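The lines below spell out each chain.
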Amino acid sequence: ARNFSATLKPAARLTRDGALVEISGLAPAGPGRVYTHTDESATVYELDVGSGAIVSTYSLGRPAAAGDFEAIAFKDGVLALVTSSGVIYESGLEPGKRSLAFRAIDTGLGNVCEIEGFAPGKARGGYFLVCKHMENRLVVHEWSRARGAVRVIDRKLRGAVPRPKDFRATDLAVDTARGAFLILDSGAGAILEVPLEGGETRYWRLGGDHRQAEGLALLDDGRLLVADEGKIGEGRIAAAALTLYGPRR
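Predicted model only: the values in this text are computed from it and were never measured.

Colleague: Can you explain the environment of G208? Please cite residues and give values.
Modeller: By secondary structure assignment, the location of G208 is in the loop between strand 19 (202-206) and strand 20 (213-218). By relative accessible area, which is 24% here, G208 ends up partly exposed. A C-alpha to C-alpha distance of 31 Å links G208 and S59, two positions 149 residues apart in sequence.

Here it is as C-alpha cells:
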C-alpha cells in the first residue's frame, strides 16, 4: 500500500527577509548553494545553504524583466525562470556579469494549466513543468525545442495523496539517482514522490511549519530544501523561510 504516514523531520530552519520576502522557486547551484528568485521580477539570488546568506545576485535584463515568475531551473551553466503561463526566460551565466541577456520561449502550456513547478528535463535544453491544479490529477509535461510540450505524467491523485482535491503542486525536482519526480504539495505541506517509469508512489509529510511552501530543491547530498513565501501587507513583513531536511530513507 502507498505510504501516507512517512514524515521528514526538519534539520534546520533559516529565515530570510529584505529582498527575499517573496521567495519562490529553488534550484541547486552546486555544493552547498541554491538559486532562488522573487515572484514579480527576474532577479535571481544565489544562497549559501548553511547560513541562508546571499552570495550573488543576477538579473535577467536591465532592469530585470517583469513577470509572474513561479519556478527556477539550472543546468549546464544555464539559468531559467518560468512564468505561470508557461513562458521560459533562459539565460547563460557569464563570469563577472550580473546583468544577463535572456531569451523568452513560450511553451504554449499556459493554454493547458497554470504552471508552478519546473526542473531540467532529460533532453539537453529541455524542462519538466508541472501543472498546479488539474482536478484531482497530477499532470507533468516535458518541453524541448525539438518536440515542444509532451505530457509525460497524467495520473489520478486518488490513492496517491490523502486529500486529492486540496493538492497544489508548487515546485518540482527530479531525483535522477532514484528515478523519480519530487513534487511539492503546498496544500498539505508534503512531497509526492512519483517514479518516472511507473510503480508505487510515496507521500512524505513535512514535519516543519510550512504556511505557504513554494520552492523545493534536491541537493547533491540528498538533503531537501523547502522555501516558504513571505508576505507584505497590513504594515508588516512576514519573512520568507527556508527549511532544510535530511535525505529520504
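Colleague: Provide a residue-level description of the sheet that holds strand 14 (residues 137-144), including the pertinent values.
Modeller: Strand order in the open sheet made by the four strands is 12-13-14-15, with antiparallel pairing throughout. Here the strands that pair on one side only, and so sit at the sheet edges, are strand 12 (115-120) and strand 15 (148-156). Taking the axes of each pair of neighbouring strands and ignoring which way they run, one obtains an average angle of 25° across the sheet.

Colleague: Residue-level account of the nonpolar core, with values.
Modeller: With 18 residues, the main nonpolar core has L138, V140, F167, L172, F181, I183 and L192 as its most contacted residues. Counting only elements with at least two residues in this core, the list comes to strand 13 (127-131), strand 14, strand 16 (169-175), strand 17 (180-185) and strand 18 (190-195). With three residues, the top contributor of residues to this core is strand 18. Each residue touching L172, except ones within four places of it in the same chain, is listed here: G117, F118, A119, F128, L129, V130, V140, F181, L182 and I183.

Colleague: Residues and numbers for the sheet that holds strand 5 (residues 43-48), please.
Modeller: The strand order 3-4-5-6-10 describes an open sheet built from five strands, whose pairing is mixed. Looking at which strands have only one partner, the edges of the open sheet turn out to be strand 3 (26-30) and strand 10 (99-100). Across two bridges, the pairing between strand 6 (residues 54-60) and strand 10 is parallel. Looking at strand 10, one finds that L60 is bridged to L100.

Colleague: Which residues make up the packing of aromatic side chains, and what values go with them?
Modeller: In this description, a pair of aromatic rings is defined by centroid distance and the angle of the planes. On inspection of all chains with the given rule, the structure shows seven aromatic pairs. With a centroid separation of 6.4 Å and 75° between ring planes, the pair formed by Y35 and Y58 is classed as edge-to-face. Linking Y35 in strand 4 (residues 33-37) with Y58 in strand 6, this pair joins segments that are 23 residues apart in sequence. Residue Y58 is classed as buried on the basis of its relative accessible area of 8%. Ring geometry for Y35 versus F74: centroids 5.0 Å apart, planes at 70°, classification edge-to-face. Note that Y35 is positioned in strand 4 and F74 in strand 7 (residues 69-75), a separation of 39 residues in sequence. Ring pairing ties together the aromatic residues Y35, Y58 and F74, which thus form one cluster.

Colleague: Explain the pairing of strand 7 residue by residue, including any values.
Modeller: Most of strand 7 is tucked away: five of the seven residues are buried. Pairing geometry for strand 7 and strand 8 (residues 78-83), over six bridges, is antiparallel. Paired with I72 across the two strands is L81, which belongs to strand 8. Counting the residues between successive antiparallel strands, the hairpin from strand 7 to strand 8 contains two residues, one of them, D76, with a positive phi of roughly 55°.

Colleague: Before we move on, can you summarise the pattern of salt bridges with the specific residues and values?
Modeller: In total, this model carries 14 salt bridges according to the counting rule given. Two residues, R124 and D76, come together in a salt bridge whose shortest N-O distance is 3.3 Å. Here R124, found in the loop between strand 12 and strand 13, pairs with D76, found in the loop between strand 7 and strand 8; they are 48 residues apart in sequence, far enough to count as distant. As far as burial versus exposure is concerned, R124 and D76 are alike and both exposed. One salt bridge connects R137 with D154, and the closest N-O pair in it is separated by 2.6 Å. Here the residue R137 occupies a position in strand 14, and D154 occupies one in strand 15, the gap between them amounting to 17 residues. Under the relative-accessibility criterion, R137 is labelled partly exposed at 31%. Three or more residues joined by partner-sharing salt bridges are found here, namely R33, E46 and D48.

Colleague: So, the layout of surface pockets: which residues are in play, and what are the values?
Modeller: In this structure, the largest pocket encloses a volume near 570 Å³. P28, V174, D175, T176 and L218 are the residues nearest the centre of the largest pocket, which is lined by 27 residues in total. Of all the elements in the fold, those that place two or more residues in the lining of the largest pocket are strand 3, strand 7, strand 12, strand 16 and strand 20. For the lining of the largest pocket, the residue count by class is 19 nonpolar, three polar and five charged. Along the wall of the second largest pocket there are 13 residues; nearest its centre are K75, D76, V78, R124 and G125. Considering only residue class, the lining of the second largest pocket consists of four nonpolar, three polar and six charged.

Basis of the calculations
Residues numbered from 1 in each chain as written. Predicted model: local features only at pLDDT ≥ 70, side-chain atom pairs only at ≥ 80, totals over all residues. Heavy atoms only, no water. Helix = DSSP H or I, 4+ residues; strand = E, 2+ residues; numbered from the N terminus. Buried < 20%, exposed > 50% of the residue type's maximum accessible area, 1.4 Å probe, protein only. Pairing = 2+ DSSP bridges. Axes fitted to C-alpha atoms, helices over the stretch in contact; angles between N-to-C directions. Core = buried A, V, L, I, M, F, W, Y, C linked by side-chain atoms within 4.5 Å. Contact = heavy atoms within 4.5 Å. Phe/Tyr/Trp six-rings, centres within 6.5 Å; stacked < 30°, edge-to-face > 60°. Salt bridge = Lys/Arg side-chain N within 4 Å of Asp/Glu carboxyl O. 1 Å grid on protein atoms, 1.4 Å probe; cavity = no way out; pocket = protein on both sides within 12 Å on 5 of 7 lines; lining within 4 Å. Points joined across faces, edges and corners; volume = space filled by probe spheres on them. Nonpolar A, V, L, I, M, F, W, Y, C, P; charged D, E, K, R; others polar.

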